[in-house]
Amino acid sequence: MAVASRIKICLVAVLPVLGAAGKVEIQAMKHDIQQIQASTFDGIIGKFRDGAVSSLWFFKEDNPADQRFLDEYNKVATEMKGMAKVTAISCTEFATFCEKQGVKETPTVMIYPPNPVPAFKIEGKLEQKQIAGKLAKFMPDKVTKLTKENADTFLSSHPSEPKLLLFSNKKSVPTMWKALSVDTVFKRTVKFGFISEDETDIVQRFKVKKFPTVIMQRGAKGETKETYKGELKFMALKDFVNPYAESGMGDKMAGPAGGKEETMEEAKPWLVQEVPELTLKSHKDVCFKGEGLCVIYLKDGEAAQADIDMLTGLSKKFTSQLSDRGAKMKWMWMNLAVESNYKDLFQPAQLPSAVVFNPHKRLRFAPLDHGEDNEIKGDQQGIEKLLDKVLGGDARFKMVPGQKLPAWAQREAPAGKKAEL
């Protein structure tokens, strides 16, 4: 009897504990789930349907299946924290609302994708991977996938907005990056780009050696490039970007000269390139505006990244040498396979080659002398010899016939773009 009495006492002591634990309780300090009420559904989920994805767990407080599901659903909330709203509502307290939503049993999880996609119920086993996967699938996306063809335009348009670039060995944009791009403030004030490691021209241009790497480019001419050193997590990246985001500003902001913000079509990619290409559209900004001589690298085709790196190195070297002499040199390259009239003007003995062009008053240029047997190449050493002659006053300049520039090639714009005028 004494043993039986002790068992009864133990059961009585345990029963209140089980009763307390037998109720779904979402605690703000313990869980990342946002619990809502019927009256707050529209304010938290409904009115954001145009640009956000959310999930809503319908539960009954005393349902054992809901009690078991709490921890699993909280894993989703922790994984998607800051990126998507992971919410819950009690059908014990708001039974009418749950009925209007078509919920007949719990646990039920509904996904509310951006409009116009209708809300839907997740079928099958409710697990973290499945729910988070649905949220990721419908995550809005304002990320631009960069390629050789669109990178310059992306980097030079909207100069007042920082550009955040993710270099990845993955093919698809990660959910975290999509979520950052549609943040309430960032979507108006920061541009997000995604670069696959296969885009070698862009990877080499930014000197990326490992993946993933995040780089922020900012400044009116993209002159500041900062590599992110922190954790590749949503909240850490958000904290990194926040100081550079113009909170409350609209989509149209003043450009570097105080004028209207440049659109993609109006962008001048050559303004942010280390060594820009000389074309009809760029030649005034790149060479003919301002003081200085133009060092033009001549190629029979596109300049490779190795060429750009070589010219960038020479530019830095000669800039430091000329800093106390008041002289200035501007660096660029020209595709003579396209600009055939300039090939006739410069008449290089071989390619690659180079000329130093004086665009002021009397138009004239000093070509690289390749030697009688073409033994001098259009490489770093050859260009250095040409510049030494120019700076030493030993270069022979040739006048441009009639003091009139040859006609520039008419470039065909990519589909959907206006051709160069």
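See the structure shown above.
A. Broad picture of the overall build of the protein chain. Secondary structure assignment for the protein chain yields 14 helices and 15 strands. Counting across all 421 residues of the protein chain, residues that qualify as buried make up 45%. Long-range pairs, those at least 24 residues apart, make up 74% of the contacts in the protein chain between residues at least 6 apart in sequence.

B. How the structure looks around unusual backbone geometry. Here the residue pair N115 and P116 is connected by a cis peptide bond, since its omega of 10° sits within 30 degrees of zero. Each neighbour pair has its own omega, and for L351 with P352 the value is 5°, a cis peptide bond. Within the secondary structure, P352 is located in the loop between helix 13 (340-346) and strand 13 (353-358). Although it is not a glycine, K207 sits at a positive phi angle of roughly 55°. Within the secondary structure, K207 is located in the loop between helix 9 (200-205) and strand 9 (213-218). A positive phi angle, close to 45°, is found at Q347, a residue other than glycine. Note on placement: Q347 falls in the loop between helix 13 and strand 13. Here Q347 falls in the exposed class, since its relative accessible area comes to 61%.

C. Examining helix 5 (residues 128-137) more closely. Looking only at helix 5, the buried set comprises I131, A132, L135 and A136. Along helix 5, the residues classed as buried sweep out an arc of 135° about the axis, all on the same side. Residues K129 and K137 are exposed on helix 5 and point more than 90 degrees away from its buried face. Considering only its buried residues, helix 5 is in contact with strand 2 (54-59), helix 3 (64-79), strand 3 (85-90), strand 4 (108-112) and helix 7 (175-181).

D. Seen up close, the packing of aromatic side chains. Tallied over the entire structure, the rule returns 19 aromatic pairs. Ring centres of Y342 and F346 lie 6.0 Å apart, and the angle between their planes is 45°; on these two criteria the pair is classed as tilted. You can see Y342 and its partner F346 sitting in helix 13, four residues apart, about one turn around the helix. Here the two residues Y342 and F346 agree in accessibility, since each one is buried. Among the aromatic residues, ring-to-ring pairing joins F288, Y342, F346, F357, F365 and W408 into one connected group. Note that R364 overlies the ring of F397, its terminal NZ or CZ placed 6.0 Å from the centroid.

E. Helix 3, seen in detail. Along its 16 residues, helix 3 runs 24 Å from first to last C-alpha, staying within 8% of the 22 Å computed at 1.5 Å per residue. In the structure, helix 3 departs most strongly from a straight axis at L70, where the bend amounts to approximately 40°. Every buried residue of helix 3 is accounted for by D66, F69, L70, Y73, N74, V76 and A77. Buried-residue contacts for helix 3 involve strand 2, strand 3, strand 4 and helix 5.

F. Representation of the state of the cysteines within the structure. Using the criterion set out here, one finds two disulfides in the structure. The partner cysteine of C91 in its disulfide is C98, sulfur to sulfur 2.0 Å. Since a negative S-S torsion denotes a left-handed disulfide, the C91-C98 link at about -95° is left-handed. Both residues of the pair, C91 and C98, count as buried. Shown here is the disulfide that connects C287 with C294, its sulfur atoms set 2.0 Å apart. In this structure the cystine formed by C287 and C294 twists about its S-S bond by roughly 105°; its chirality is therefore right-handed. Here the two residues C287 and C294 agree in accessibility, since each one is buried. When the bonded cysteines of the protein chain are counted from the start of the sequence, the pairing works out to 1-2, 3-4.

Cut-offs and rules
Residues numbered from 1 in each chain as written. Predicted model: local features only at pLDDT ≥ 70, side-chain atom pairs only at ≥ 80, totals over all residues. Heavy atoms only, no water. Helix = DSSP H or I, 4+ residues; strand = E, 2+ residues; numbered from the N terminus. Buried < 20%, exposed > 50% of the residue type's maximum accessible area, 1.4 Å probe, protein only. Contact = heavy atoms within 4.5 Å. Arc of directions from axis to C-beta. Phe/Tyr/Trp six-rings, centres within 6.5 Å; stacked < 30°, edge-to-face > 60°. Lys NZ or Arg CZ within 6 Å of the ring centre and 35° of its normal. Expected span 1.5 Å × (residues − 1). Bend = angle between axes of the 7 residues up to and from the residue. Disulfide = S-S within 2.5 Å.

Coordinates in, geometry out; function isn't part of it.
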